[in-house]
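# Structure assessment
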Amino acid sequence: GRLALHHADFYRLHDESDLFGTGFFDLTPEGAFLVEWLNRVPSAAPVDHLNVDLEVIDERQRRLTISSSGPKSDVLLTRWQQRLPLASMPNIEG
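These notes cover the structure that comes with them. Bear in mind that the values here come from a model prediction, so they are computed numbers and not experimental data.

### Topic: the environment of F24
- Looking at the element boundaries, F24 is found in the loop between α1 (16-20) and β2 (32-36).
- Owing to a relative accessible area of 11%, F24 belongs among the buried residues under this scheme.
- In this structure the C-alpha to C-alpha distance between F24 and H6, which are 18 residues apart in sequence, comes to 9.5 Å.

Pasting the structure below:
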C-alpha cells in the first residue's frame, strides 16, 4: 500500500527548542519519517525506529549500516533484508 513519507533535515538545528519552531511535531504520525542529522536532536526519534547510517569510505565507496531499536523496527529490518539480500551487494552491511 501507499505510505506518506515526511522528510526533515536537522542539520541547522541545535536542540529540541529549534525543532519546535519548524512544525515537525505537528506532522501526522501516519506514514514514515526520513530524518537527516537526527543526532542533532535525538529526542525527536521514536523509541522504536530504524536507523540508517551512510558512512563515506572513500571517493567511490560508502558503507550502509542499518539497525533497529524495537519490535516494529525489528520486523521492518528483517523484511528489508529478506527482499534485498545485503550480502550480495558490494560495500553494504546489515
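From this point, the discussion proceeds with the structure in view.
### Quick word on unusual backbone geometry
- In this structure, W37 is a non-glycine residue whose phi angle is positive, near 60 degrees.
- As for its position among the elements, W37 is in the loop between β2 and β3 (50-56).

### Regarding a nonpolar patch on the surface
- Together, L50, V52, L76, W80 and L84 give the surface a local cluster of nonpolar side chains, amounting to about 390 Å² of exposed area.
- At the level of elements, β3 and α2 (71-83) are the ones that each hand at least two residues to the nonpolar patch.
- In this structure, L76 sits in helix α2.
- Here L76 falls in the partly exposed class, since its relative accessible area comes to 47%.

### Description of the pattern of salt bridges
- Considering all chains together, one arrives at one salt bridge under this definition.
- Residue E55 pairs with R63 through a salt bridge whose shortest N-O separation is 3.2 Å.
- Accessibility expressed as a relative area gives 35% for E55, which makes it partly exposed.

### Digging into the pairing of strand β1 (residues 5-9)
- Where burial is concerned, the two faces of β1 differ: the one with H6 and A8 is buried and the one with L5, H7 and D9 is not.
- Pairing geometry for β1 and β2, over five bridges, is parallel. By the bridge assignment for β2, A8 is matched with V35.

### Comments concerning the layout of surface pockets
- Size it by volume and the largest pocket reaches roughly 1200 Å³.
- Around the largest pocket sit 32 residues that line it, and F33, L34, V35, H49 and L50 are the ones nearest its centre.

### Notes on the pairing of strand β4 (residues 62-68)
- Inspection of the sheet shows β3 paired to β4 by seven bridges, in the antiparallel sense. Bridge pairing in β4 places D53 opposite T65.
- Joining the antiparallel neighbours β3 and β4 is a turn of five residues.

### Some words on the environment of E30
- When you line up the elements, E30 lands in the loop between α1 and β2.
- Among all residues touching E30, those that are not within four sequence positions of it are A4 and H6.

Rules of the game
- Residues numbered from 1 in each chain as written.
- Predicted model: local features only at pLDDT ≥ 70, side-chain atom pairs only at ≥ 80, totals over all residues.
- Heavy atoms only, no water.
- Helix = DSSP H or I, 4+ residues; strand = E, 2+ residues; numbered from the N terminus.
- Buried < 20%, exposed > 50% of the residue type's maximum accessible area, 1.4 Å probe, protein only.
- Patch = residues over 30% accessible without salt bridge, like charges linked within 9 Å, V, L, I, M, F, W, Y side chains within 5 Å.
- Areas by Shrake-Rupley, 256 points an atom, 1.4 Å probe, with all protein chains shown as cover.
- Salt bridge = Lys/Arg side-chain N within 4 Å of Asp/Glu carboxyl O.
- Pairing = 2+ DSSP bridges.
- 1 Å grid on protein atoms, 1.4 Å probe; cavity = no way out; pocket = protein on both sides within 12 Å on 5 of 7 lines; lining within 4 Å.
- Points joined across faces, edges and corners; volume = space filled by probe spheres on them.
- Contact = heavy atoms within 4.5 Å.

Structural measurements only, silent on function.
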